[in-house]
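Observations on the three-dimensional arrangement
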Amino acid sequence: FVTLLKSGDDYLGGRDLFEDSDYFVKYIPNQEHASLFDKSTSAPVPASLKQSLAYYLLALYVAQDRARPKPISMLVHPSSSIELHRAYERWVNNVLNAWESVLRDPLEQTYKSEKTRIFEVAETELRKTIKLKSDWNLDEALQEIRWWISKIGVRVINSEGQKIKPDEWKSQAGWIVIGGNNLERGFTIENLAVTYMPRSLGGGNADVIQQRGRFFGYKRTYIDLLRGWFFQDNAQAYRDYVVHEKSIRSQLEAIDKKNGKLSEWR
């Protein structure tokens, strides 16, 4: 027999993020594809990764100001290659360290350049879902953000990496978690708000697509901060998954309502 269960009111699934939301999905440009998988130490930081990190820092600032969610996390989810995980760890740390230095002096040209090219774009993105205070000032926010950068834990989680223990999450104001297959099944990322997923569809199986969706879950209390960067075909796969899920559920619902046998379903 079959009984359909419904999720709780605070749960966000595929329909909420990929069908009803017109802001969650951000696209990683196709022209960045080669640079996203360049493992060399001299490879430049992909622009979309930098943009997602800037948005994450603003989201962390808002989360700390309103006291939810704390801590706030970001997932960087490239392929299963350990070498590539190291490259992303290097990029993330380089960007954060550079900003910690650059944001020190608003009069410097580098500061003005980063503010205009990167942080004002992130601020525009944030304003799509967050009503910022009337006295909001980006320069003041960036001064505080510079301080918060040192309160972010960057952790690679793979067969060689170190997992985050349940009681460890609250030791940082924010987490940036980097990894591949080890993050797909059974690993909970506390208060995940920002996802950066530069990975191929692989076989495109429905169960794999669903398992990679660490951004699903009980997150309605901070839905206004959620963003995900994807390749276009990956985002479309999640939209297709929503259609697939609706179809399966509607067929099972018919059996449930008439108290039929599951063996009748084809």
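That block above? That's the structure.
Here's what I pulled together on the structure shown here. (Residues numbered from 1 in each chain as written. Predicted model: local features only at pLDDT ≥ 70, side-chain atom pairs only at ≥ 80, totals over all residues. Heavy atoms only, no water.)

Across its full length, the chain carries 8 helices and 8 strands. The C-alpha radius of gyration of the chain comes to 20 Å, within 12% of the 18 Å expected for a compact globule of 266 residues. Taken over the C-alpha atoms alone, the chain extends approximately 70 × 45 × 40 Å along its principal axes. Considering the chain as a whole, with its 266 residues, one finds that 47% of them fall into the buried category. By sequence separation, contacts in the chain at least 24 residues apart represent 75% of the contacts at least 6 residues apart. Working note: accessible area of the chain is about 13500 Å², and carbon and sulfur atoms make up 47% of it. (Helix = DSSP H or I, 4+ residues; strand = E, 2+ residues; numbered from the N terminus. Rg over C-alpha atoms; globule rule 2.2 N^0.38 Å. Buried < 20%, exposed > 50% of the residue type's maximum accessible area, 1.4 Å probe, protein only. Contact = heavy atoms within 4.5 Å. Areas by Shrake-Rupley, 256 points an atom, 1.4 Å probe, with all protein chains shown as cover.)

By the element assignment, R199 lies in the loop between strand 6 (192-197) and helix 7 (206-211). Owing to a relative accessible area of 6%, R199 belongs among the buried residues under this scheme. A polar contact is formed between the side chain of R199 and the backbone oxygen of P78, at a distance of 3.2 Å. With near-sequence residues (within four places) excluded, R199 lies in contact with H77, P78, S79, S80, G180, N181, E184, R212, F231 and N234. (Polar contact = N/O pair within 3.5 Å; in protein donor to acceptor, adjacent residues only side chain to side chain.)

Quick look at the packing of aromatic side chains now. Inspection of the entire model under this criterion finds 20 aromatic pairs. Pairing Y55 with W229 gives two aromatic rings, centres 6.1 Å apart and planes at 55°, and the pair type is tilted. A residue pair is termed long-range when its members are at least 10 positions apart, and Y55 in helix 3 (residues 47-66) and W229 in strand 8 (residues 227-230) qualify at 174 residues. Residue classification places Y55 among the buried residues on the basis of a relative accessible area of 1%. Taking 5.0 Å as the distance between ring centres and 75° as the angle between the ring planes, the aromatic pair formed by F215 and F216 counts as edge-to-face. Cluster of aromatic residues (ring-pair linked, three or more members): F18, F24, F215, F216, F230 and Y238. Over the ring of W147 we find K151; its NZ or CZ atom is 4.0 Å from the centre of that ring. (Phe/Tyr/Trp six-rings, centres within 6.5 Å; stacked < 30°, edge-to-face > 60°. Lys NZ or Arg CZ within 6 Å of the ring centre and 35° of its normal.)

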